[in-house]
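Structure assessment
Here is how the chains run, residue by residue.
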Amino acid sequence: MKITPKKDSQNFSLPLPIFHSVHIADAISKEGEEFDVLVGLNKEQVGQLKKLSLDKNDIDIQNHTGDRERFGKGLYEEWYALNRTPFCLIHKRTDALTALVWFGRKDLGKKSIKFGKEEIPTNRTLFEHEWHTVSCRSYPPFRGTGLMQNFTQFSMDTYKKQFTSAMFWTGMDDRNKPIVRLMTKLEFEVDKENSDLSNNWLVMTKK
Ligand SMILES: CC(C)(COP(=O)(O)OP(=O)(O)OC[C@H]1O[C@@H](n2cnc3c(N)ncnc32)[C@H](O)[C@@H]1OP(=O)(O)O)[C@@H](O)C(=O)NCCC(=O)NCCS
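Residues numbered from 1 in each chain as written. Predicted model: local features only at pLDDT ≥ 70, side-chain atom pairs only at ≥ 80, totals over all residues.

Let us look at the overall build of the protein chain. Broken down by element type, the protein chain carries 6 helices and 9 strands. Whereas a compact globule of 207 residues would reach a radius of gyration of roughly 17 Å, the protein chain reaches 16 Å, a difference of no more than 12%. Each principal axis of the C-alpha distribution contributes one length, and for the protein chain these read about 45 × 40 × 35 Å. Taking the intrachain contacts of the protein chain between residues at least 6 apart in sequence as the baseline, contacts between residues at least 24 apart amount to 58%. (Helix = DSSP H or I, 4+ residues; strand = E, 2+ residues; numbered from the N terminus. Rg over C-alpha atoms; globule rule 2.2 N^0.38 Å. Contact = placed C-beta atoms within 7 Å.)

Here we come to the sheet that holds strand β4 (residues 85–91). As summarised here, the arrangement of the 9 strands in space is β1-β2-β3-β4-β5-β6-β7-β9-β8, forming an open sheet in which the pairing is mixed. Strand pairing shows two members of the sheet lacking a second neighbour, β1 (2–5) and β8 (189–190), which therefore form its edges. Pairing geometry for strand β2 (residues 22–28) and strand β3 (residues 34–39), over 6 bridges, is antiparallel. When the sheet's bridge partners are listed, I28 is paired in β3 with E34. (Pairing = 2+ DSSP bridges.)

So, about the site of the ligand. Neighbouring the ligand are 22 residues, the closest being H64, S138, M148, K177 and R181. The set of elements that each furnish at least two residues to the shell around the ligand consists of α2 (59–64), β6 (131–138), α5 (148–162) and α6 (177–185). Its residues assigned to classes, the shell around the ligand comprises 8 nonpolar, 8 polar and 6 charged. (Near = placed C-beta within 6 Å. Nonpolar A, V, L, I, M, F, W, Y, C, P; charged D, E, K, R; others polar.)

With respect to the element layout, K2 can be found in strand β1. Counting along the chain gives 26 residues from K2 to I28, while the straight-line C-alpha distance between them is 5.4 Å. Apart from residues no more than four positions distant in its own chain, K2 is found in contact with A27 and I28.

Here we take up the pairing of strand β7 (residues 167–173). Where burial is concerned, most of β7 is hidden: 5 out of the 7 residues are buried. Sheet topology places β6 next to β7; 3 bridges connect them, and they run parallel. Each residue of the ladder has a partner; that of W131, found in β7, is M167. With α5 bridging β6 and the parallel β7, this β-α-β connection has right-handed handedness. As paired strands, β7 and strand β9 (residues 201–206) are joined by 6 bridges and run antiparallel to one another. Paired with F168 across the two strands is K206, which belongs to β9. (Buried ≥ 20, exposed ≤ 12 C-beta atoms within 10 Å, placed from the backbone. Right-handed = clockwise from strand over helix to strand, strands pointing away.)

Let's shift gears to α5. Compared with the 21 Å implied by 1.5 Å per residue over 15 residues, the 22 Å span of α5 between its first and last C-alpha is a close match. Buried within α5 are the following residues: M148, F151, T152, F154, S155, T158 and Y159. For α5, the angular spread of the buried residues around the axis is 165 degrees, confining them to a single face. Exposed and oriented more than 90 degrees from the buried face of α5 are D157 and K161. (Expected span 1.5 Å × (residues − 1). Arc of directions from axis to C-beta.)

Mean pLDDT over the protein chain stands at 92; residues scoring 70 or higher make up 93%. Residue range residues 121–126 is modelled with pLDDT below 50. Its contacts to residues more than four positions away, or to other chains, number 3 contacts. (pLDDT = per-residue confidence, 0-100.)

Have a look at this one:
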């Protein structure tokens, strides 16, 4: 997928106010589908996220993420208050939420909602290092169509311009082949020390 940043697209500062979004780039897939790249989600997009997270037919979301609890049953406002920064891809023709990548400061290796409990935010000075978590989602019909590598890389680069000392980590189920493949392609490396492979918790980092 080719991503073209918009002129003056860096004129925002994170975190954005809740439900604000900024159109930072345009993207076009190999198949010629066009997308907006946004930082932040507006209320309509949060509505879509809630619906997608509750979709029982989406086995990948239900089996591999805690989104049903996080966004489906939980309040976006509470999640956003954890200092999370979402980036999304919106399909231009249909306005469909196509993909989501989010970041936020979180201690390295701390298990996600799927593997335990969502982190309660602590004062930022208490964080030992500048570790920021990365989480990725793509939604049907675009999942598995090769959008995620460039979109995730672009989002990481944009985020890093504002959090210059950020080091990235991500935690996943080691049986979840698409995310392991995606993160490996993004040059994340396995962090054995913080993984718990007997419980399928795989941690990967990129400094
Ligand atoms: C993980 C996820 C974001 C990856 O997005 P995607 O749309 O599949 O990404 P892409 O199409 O860009 O593919 C990424 C890589 O995974 C590979 N892949 C995709 N599906 C695969 C599968 N079922 N088995 C093995 N590899 C797979 C692709 O081939 C591609 O590698 P390649 O470029 O070398 O061919 C997406 O599958 C998803 O949202 N899953 C549900 C939510 C989830 O599990 N998120 C991660 C929680 S930790």
